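Chain by chain, the residues run as shown.
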Amino acid sequence: MKVKLPEKVNLILRTLQAGGYEAYAVGGCIRDALLGREPHDWDVCTSALPEETMACFSGYPIHTVGIQHGTVLVMIDQEGFEITTYRSDGDYSDHRHPDGVTFVRSLREDLARRDFTINAMAYEPSVGLQDFFGGEADLKNGLIRCVGDPEQRFEEDGLRILRALRFSARFGFPIEGKTGTAIRKKAQLLEYIAAERIFSELKGFFSGKFAAPLLLEYRDVFGVIAPELIPMFDHPQYNYHHIYDVWGHTCKAVEGVSGDWLLGLTMLFHDSGKPDHFTIDSEGIGHFKGHPIRSTAIAETVLKRLHCDHKTLETVLPLIQWHDRIRVFDRRNTRRMLSELGEERSRLLFRVMEADVRAQNPALLDGKLKALANGKQILETLIAENACVSIKDLAVKGSDLKEIGIPAGPQMGQCLHELLEDVLEERLPNQREILLDAAKSRMKASFSKENEQM
């Protein structure tokens, strides 16, 4: 099978070959090209030693940050290309990085050290595809398989466990039997992996449209990453609203937001607090009152431990806290939601709530979806009306309150907050004169109270 290489990649191959060396495009770019996908970047492997590569490209800007592992970055028209010498790796005492590398002159030996067969192919136009481990067949059959002994591959780099799951979630390829067995057997190796690398792989995993079945099949892996999730496994719900246990419901809810990593993380944790809040009433019905607060706390603990960025926390945590909060969708409740979450997160919350109800009892689905649709309509109406949901939206400003004798500072801030509460609770309309009258009444009441205490 032919692979169309970009002209800059062909230039790199020709330049190295002119120096008397072998050179191939290699790895994920070949995988993606064979799948008909546009590669994000193009990597090259070569028989040239790093200093020989640098000599071949002496007329180009070169960066040597990865040179100890045989990689030099060559800049061509401000675009960077990694060129790596064929190598074999030494022992992996930290289960992540080789203690040392040995440069070799054999392409096959270089490809043999790579993680999965679909990533262990190389291509050069004059000789075609170089595939020693069945990568092309695994692509055609849709299979994630380790190169060589899977246990050894994972012992070398525990992060490959999550990479296997990420590729499976991305492409929808099942994981080959021995590779899957090794994933479960070696899952504890993830304890050696840096938290930020795990979080990065989790984002990639939940970006895949096929993540949900893998959560079910490889739940123990996620239990290593976040032991706080383990109590959900096989935890019954004993409630008419649910037909799955807590973990089964979670996986089904993740399916409802497939391909969206941000909401995937939200659904992963949205019911994580249920086991801690489980009670059974006298009729044998299970309840989880207050679980969203506990779920939010668990999510915050785990995500911070994984060095999650602040922006993600600002979205995921409020969505978890709110996912089961609204029982009746009316203007007052929806306005409150809009006030606390804002437009973007409010819209995301409806996606969260829909995924949640679709993972519950299908016999109740139509009614719940109808209620959500009504809530969404109310939300969009409030947004279109520019409804008052924050102090800045109030029809009165601080200057108005100052004119009626309320001094700037805490007293004015408290008054504005109380007026906003009146509007949100629909006790008062957002009209200037009515709000000013309410402010005057509060000021008089406060003055009278102060006199009584003197």
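Asker: Residue-level account of the nonpolar core, with values.
Answerer: Counting 110 residues, the largest nonpolar core has Ile30 and Val221 as its most contacted members. Per-element accounting of this core gives the leading share, 10 residues, to helix 16 (residues 331-358). For Ile30, the contacting residues outside a window of four places in its chain are Val3, Ala25, Trp42, Met121, Ala122, Tyr123 and Leu129.

Asker: Before we move on, can you summarise the sheet that holds strand 2 (residues 43-46) with the specific residues and values?
Answerer: In spatial order, the strands read 3-4-5-2-1-8-9; together these 7 strands make up an open sheet with mixed pairing. Strand pairing shows two members of the sheet lacking a second neighbour, strand 3 (62-63) and strand 9 (128-130), which therefore form its edges. In the sheet, strand 1 (residues 23-26) pairs with strand 2 via 4 bridges, with the strands oriented antiparallel. From the neighbouring strand, Ala25 faces strand 2, where its bridge partner is Val44.

Asker: So what's going on with the pattern of salt bridges? Which residues, and what values?
Answerer: The tally for this structure, following the rule as stated, stands at 45 salt bridges. With its nearest N and O atoms 3.7 Å apart, the salt bridge here joins Asp32 to Arg170. Separated by 138 residues along the polypeptide, Asp32 in helix 2 (residues 28-34) and Arg170 in helix 7 (residues 159-171) bring together distant segments of the chain. Among the residues examined, Asp32 registers a relative accessible area of 3% and is labelled buried. The salt bridge involving Glu156 is made with Arg160; its shortest N-O contact spans 2.8 Å.

Asker: Got a sec to walk through the pairing of strand 2? Specific residues and values, please.
Answerer: Bridge analysis of strand 2 against strand 5 (residues 79-85) gives 3 bridges, and the strand direction is parallel. Following the sheet pairing, Cys45 is matched in strand 5 by Thr84.

Asker: Quick rundown of the environment of Ala164? Include the residues and the values.
Answerer: Along the chain, the position of Ala164 falls in helix 7. The class for Ala164 is buried, based on a relative accessible area of 0%. Considering only alpha carbons, one finds Ala164 and Gly256, 92 residues apart in sequence, at a separation of 22 Å. Those residues in contact with Ala164 that lie beyond four places of it in its chain are Phe116, Ile144, Ile175 and Ile183.

Asker: Could you give me a rundown of the packing of aromatic side chains, with the residues and numbers involved?
Answerer: What the rule picks out here adds up to 11 aromatic pairs. Between Phe205 and Phe222 the ring centres are 5.2 Å apart and the planes differ by 45°, which places this aromatic pair in the tilted class. Taken together, the residues span a long stretch of sequence, with Phe205 in helix 9 (residues 195-207) and Phe222 in helix 11 (residues 219-225) at a distance of 17 residues. Taken as a pair, Phe205 and Phe222 share a single burial class, namely buried. Within the aromatic cluster, the residues linked to one another by ring pairs are Phe116, Phe167, Phe171 and Phe173. Taking the ring centre of Phe167 as reference, the NZ or CZ of Arg166 above it sits at 4.8 Å. Across from the ring centre of Trp261, 4.7 Å away, lies the NZ or CZ of Lys203, which sits over that ring.

About the thresholds
Residues numbered from 1 in each chain as written. Predicted model: local features only at pLDDT ≥ 70, side-chain atom pairs only at ≥ 80, totals over all residues. Heavy atoms only, no water. Core = buried A, V, L, I, M, F, W, Y, C linked by side-chain atoms within 4.5 Å. Buried < 20%, exposed > 50% of the residue type's maximum accessible area, 1.4 Å probe, protein only. Helix = DSSP H or I, 4+ residues; strand = E, 2+ residues; numbered from the N terminus. Contact = heavy atoms within 4.5 Å. Pairing = 2+ DSSP bridges. Salt bridge = Lys/Arg side-chain N within 4 Å of Asp/Glu carboxyl O. Phe/Tyr/Trp six-rings, centres within 6.5 Å; stacked < 30°, edge-to-face > 60°. Lys NZ or Arg CZ within 6 Å of the ring centre and 35° of its normal.

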